[in-house]
Amino acid sequence: MILVDFFDSTPHKVLKDVVNRYIKCGWTKERIFEIIDSFEDKRTLEEIENDVFGKRGVGLGSQIS
């Protein structure tokens, strides 16, 4: 059994949905999305493509986490 850390398993899509719900300024949303997208998912491309949420992971200590 592989244990997955919380921040490594956070879906980018879910974070972006939350940002869309609460942030109205387009410029601010774009900057936040850039930060979210800057974190690389450490899984294989096949695993990412088969995941309904897509890419996952944010850095511990980042503005997003």
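Each remark here, short or long, concerns the structure printed above.
**A short note on the packing of helix α2 (residues 12-22) against helix α3 (residues 26-37)**
Each pair of packed helices can be described by the angle between their axes along with the distance between the axes.
And then number 1: Relative orientation of the contacting elements α2 and α3 amounts to 165 degrees, with a least axis distance of 10 Å. Between α2 and α3, the angle is such that the two are roughly antiparallel. Every pair of crossing elements has a handedness; the one defined by α2 and α3 is right-handed. Between α2 and α3, the residues in contact are His12, Leu15, Lys16, Val19 and Asn20 and Lys29, Ile32, Phe33, Ile36 and Asp37, respectively.
And then number 2: Among the residues making up the contact of α2 with α3, the classes are represented as five nonpolar, two polar and three charged.

**Brief notes about α2**
And then number 1: Along α2, the positions that sit buried rather than exposed are His12, Leu15 and Val19. The arc that holds every buried residue of α2, seen down its axis, measures 65 degrees, which confines them to one face.
And then number 2: Looking at the buried residues of α2, the elements they touch are α3.

**Section: the packing of aromatic side chains**
And then number 1: Going through the model one piece at a time under the given rule, you end up with zero aromatic pairs.
And then number 2: Here the basic side chain of Lys16 rests over the ring of Phe33, its NZ or CZ set 5.5 Å away from the ring centre.

**Regarding the pattern of salt bridges**
And then number 1: Scanning all chains against the criterion turns up seven salt bridges.
And then number 2: Between Arg56 and Asp51 there is a salt bridge, with the nearest N and O atoms lying 2.5 Å from each other.
And then number 3: A residue is classified by how much of its surface remains accessible, and Asp51, at 15% relative accessible area, is buried.
And then number 4: Each of Asp41, Arg43, Asp51 and Arg56 takes part in one network of salt bridges that share partners.

What counts as what
Residues numbered from 1 in each chain as written. Predicted model: local features only at pLDDT ≥ 70, side-chain atom pairs only at ≥ 80, totals over all residues. Heavy atoms only, no water. Axes fitted to C-alpha atoms, helices over the stretch in contact; angles between N-to-C directions. Helix = DSSP H or I, 4+ residues; strand = E, 2+ residues; numbered from the N terminus. Parallel < 35°, antiparallel > 145°, perpendicular 65-115°, else oblique. Left-handed = near helix turned anticlockwise from the far one by under 90°. Contact = heavy atoms within 4.5 Å. Nonpolar A, V, L, I, M, F, W, Y, C, P; charged D, E, K, R; others polar. Buried < 20%, exposed > 50% of the residue type's maximum accessible area, 1.4 Å probe, protein only. Arc of directions from axis to C-beta. Phe/Tyr/Trp six-rings, centres within 6.5 Å; stacked < 30°, edge-to-face > 60°. Lys NZ or Arg CZ within 6 Å of the ring centre and 35° of its normal. Salt bridge = Lys/Arg side-chain N within 4 Å of Asp/Glu carboxyl O.

The values are spatial; any link to function lies outside them.
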